[in-house]
Amino acid sequence: MSAISELVKNGLLDMVRIPYLGYLRLAYDTCKNLSSDQLANILKIVVKDRVGIAFSAPSDMPIEDRLFLYSVVRAFKPYRALEIGVRWGGSALIITNAMEDNKAGTLVGIDPTPQIKSKKEAFYGRYTLLEKSSPEAIPEAADLLGGQLDLVLLDSIHIFEQVYTELKAVLPWMSEDGIILVHDAFHYGVHAAIQKTIKEHTDVADCGFVNRTPNVTASQWTPYGGLYMLKMNGKGSTYLKQVELTYKSRNVPVPQLGDDILNHDIWYCRAIKPCQRCSGYNTAQTDSDKK
Ligand SMILES: C[S@@+](CC[C@H](N)C(=O)[O-])C[C@H]1O[C@@H](n2cnc3c(N)ncnc32)[C@H](O)[C@@H]1O
């Protein structure tokens, strides 16, 4: 019996169909006997998003990091992204597939000796590879991307000097609310480089580990693993910019935001007590519960 008919028989297909990562994880645990490629193929059939790439992409990253990377691209929607350290192109596949789901974004990868085996089409025309070394190639990569960087993934050489130099070199290119992810941040030298950078740059917010499980078997001298997030916070909130962009891109009028909206909530105002703004309207004009 094929893997798919086995799943249908066991009712697992319904579980996989639910598009929440928690359920995907549950389905993944339940389907441990399937290979990553089989699971990715099943996800391709039952979920319209390309999240299956997180399971099948050729990368040393654990599944937690892959799913986080896919999700952060889906949710944060970076227009311009840079990856330093490409190897087989696994993380590049995850980022570009998530960008394709977003219908926005391009990625440039820097690696002096990449070993990408995937076909060009797998990157949906959203990827440019620079067969060069970082940090020297960072200005050229930023130039190719044509603007400030929304997302940077550092995953090249895991030593203090390299990571510290790369962090210093990417910072001037970051967008005002850009994100930097550092892989293998439990490596002692990588962690020290991150901490030194945070101390030296007040415009960098320390978001800490987003995968806080060290890999304790990679080396006898230091842990590896872990994904660390830094976020630019130099120029205040981008709230209004994001709100306006989104309303306008959907052809929905931008609402008048003011103090009388501070305590408005579509459920609370309807079920408990109308807020200052609601009480000035008749109920037919207030928000419906359509989040
Ligand atoms: C851990 S692998 C990257 C894996 C990839 N991010 C993934 O998860 O699919 C590290 C890569 O960094 C590359 N590398 C080494 N020195 C580099 C440098 N100076 N600049 C950019 N990449 C470098 C290596 O060639 C290697 O392919």
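Before reading on, note that the structure itself is shown above.
Quick caveat: nothing in here was measured; it's all calculated off a predicted structure.

Participant: Is there a simple way to think about the overall build of the chain in this case?
Facilitator: In terms of regular secondary structure, the chain is built from 12 helices and seven strands. Buried residues in the chain amount to 35% of all 291 residues. A sequence separation of at least 24 residues applies to 64% of the contacts in the chain between residues at least 6 apart.

Participant: Could you clarify how one ought to interpret the site of the ligand in this entry?
Facilitator: The ligand sits among 19 residues. The nearest are Ser-59, Gly-85, Arg-87, Gly-90 and Ser-134. Looking at the shell around the ligand residue by residue, the classes come out as seven nonpolar, eight polar and four charged.

Participant: I would appreciate a short explanation of the environment of Gln-276 in the present structure.
Facilitator: Locating Gln-276 in the fold gives a position in the segment after α12 (266-271). Each C-alpha atom, one on Gln-276 and one on Asn-263, is 7.8 Å from the other, the two residues being 13 residues apart in sequence. In contact with Gln-276, not counting residues within four places along its chain, are Asp-260 and Asn-263.

Participant: I'm lost on the packing of helix α6 (residues 63-76) against helix α7 (residues 90-102) in this one. Help?
Facilitator: The geometry of a pair of packed helices is captured by two quantities: the angle between their axes and the separation between those axes. Close contact between α6 and α7 brings their axes to 8 Å; oriented N to C, the two are set at 30 degrees. For the element pair α6 and α7, the recorded crossing hand is right-handed. Counted together, Arg-66, Leu-69, Tyr-70, Val-73 and Arg-74 of α6 and Ser-91, Ile-94, Ile-95, Ala-98, Met-99, Asp-101 and Asn-102 of α7 form the full contact between these two elements. The class makeup of the residues in the contact of α6 with α7 is seven nonpolar, two polar and three charged.

Participant: Looking at this structure, how should I read the sheet that holds strand β3 (residues 127-130)?
Facilitator: The strand order across the open sheet formed by seven strands is β3-β2-β1-β4-β5-β7-β6, and the pairing between neighbours is mixed. The outermost strands of the open sheet, each flanked by one partner alone, are β3 and β6 (204-211). Averaged over neighbouring strand pairs, the angle between their axes works out to 15 degrees when direction is ignored. Of the strand pairs in this sheet, strand β1 (residues 80-84) and strand β2 (residues 106-110) are connected by five bridges, and their pairing is parallel. What sits directly across from Leu-82, in β2, is Val-108. Against the sheet, helix α9 (residues 160-170) makes contact with β1, β4 (149-154) and β5 (174-183), and its axis sits at roughly 175 degrees relative to β4, the strand it touches most.

Participant: I would appreciate a short explanation of the pairing of β5 in the present structure.
Facilitator: Every regular strand shows the same layout, with side chains that alternate between the two sheet faces. Of all 10 residues in β5, eight are buried, a share of seventy percent or more. Summarising the sheet, β4 and β5 pair through five bridges and their orientation is parallel. By the bridge assignment, Leu-149 is partnered in β5 with Met-174. After leaving β4, the chain enters α9 and then returns to the sheet as β5, a path that is right-handed. Pairing between β5 and strand β7 (residues 227-232): five bridges, direction antiparallel. The residue of β7 that forms the bridge with Ile-179 is Lys-231.

Participant: What's the story with the nonpolar core in this structure? I'm lost.
Facilitator: Nonpolar side chains tend toward joint burial in soluble globular proteins. If you look at the biggest cluster of nonpolar residues, it comprises 60 residues, and the most contacted ones within it are Ile-94, Ile-95, Ala-141, Leu-149 and Val-182. Counting contributing residues per domain, this core is built from domain 1 (3-48) and domain 2 (54-232), each supplying no fewer than three.

Participant: Explain unusual backbone geometry here, please?
Facilitator: Residues other than glycine predominantly adopt negative phi, and peptide bonds predominantly adopt the trans conformation. In this chain, Ser-134 is followed by Pro-135 through a cis amide linkage whose omega measures 10 degrees. Along the polypeptide, Pro-135 turns up in the loop between β3 and α8 (138-145). One non-glycine residue with positive phi stands out, namely Lys-103, at about 60 degrees. Its place among the elements puts Lys-103 in the loop between α7 and β2.

Participant: Just to check I follow, could you spell out the environment of Ala-192 for this structure?
Facilitator: When you line up the elements, Ala-192 lands in helix α10 (residues 188-200). C-alpha of Ala-192 to C-alpha of Ile-159: the two residues are 33 residues apart in sequence and 9.4 Å apart in space.

About the criteria used
Residues numbered from 1 in each chain as written. Predicted model: local features only at pLDDT ≥ 70, side-chain atom pairs only at ≥ 80, totals over all residues. Helix = DSSP H or I, 4+ residues; strand = E, 2+ residues; numbered from the N terminus. Buried ≥ 20, exposed ≤ 12 C-beta atoms within 10 Å, placed from the backbone. Contact = placed C-beta atoms within 7 Å. Near = placed C-beta within 6 Å. Nonpolar A, V, L, I, M, F, W, Y, C, P; charged D, E, K, R; others polar. Axes fitted to C-alpha atoms, helices over the stretch in contact; angles between N-to-C directions. Left-handed = near helix turned anticlockwise from the far one by under 90°. Pairing = 2+ DSSP bridges. Right-handed = clockwise from strand over helix to strand, strands pointing away. Core = buried A, V, L, I, M, F, W, Y, C linked by C-beta atoms within 7 Å. Domains from an automatic or database assignment.

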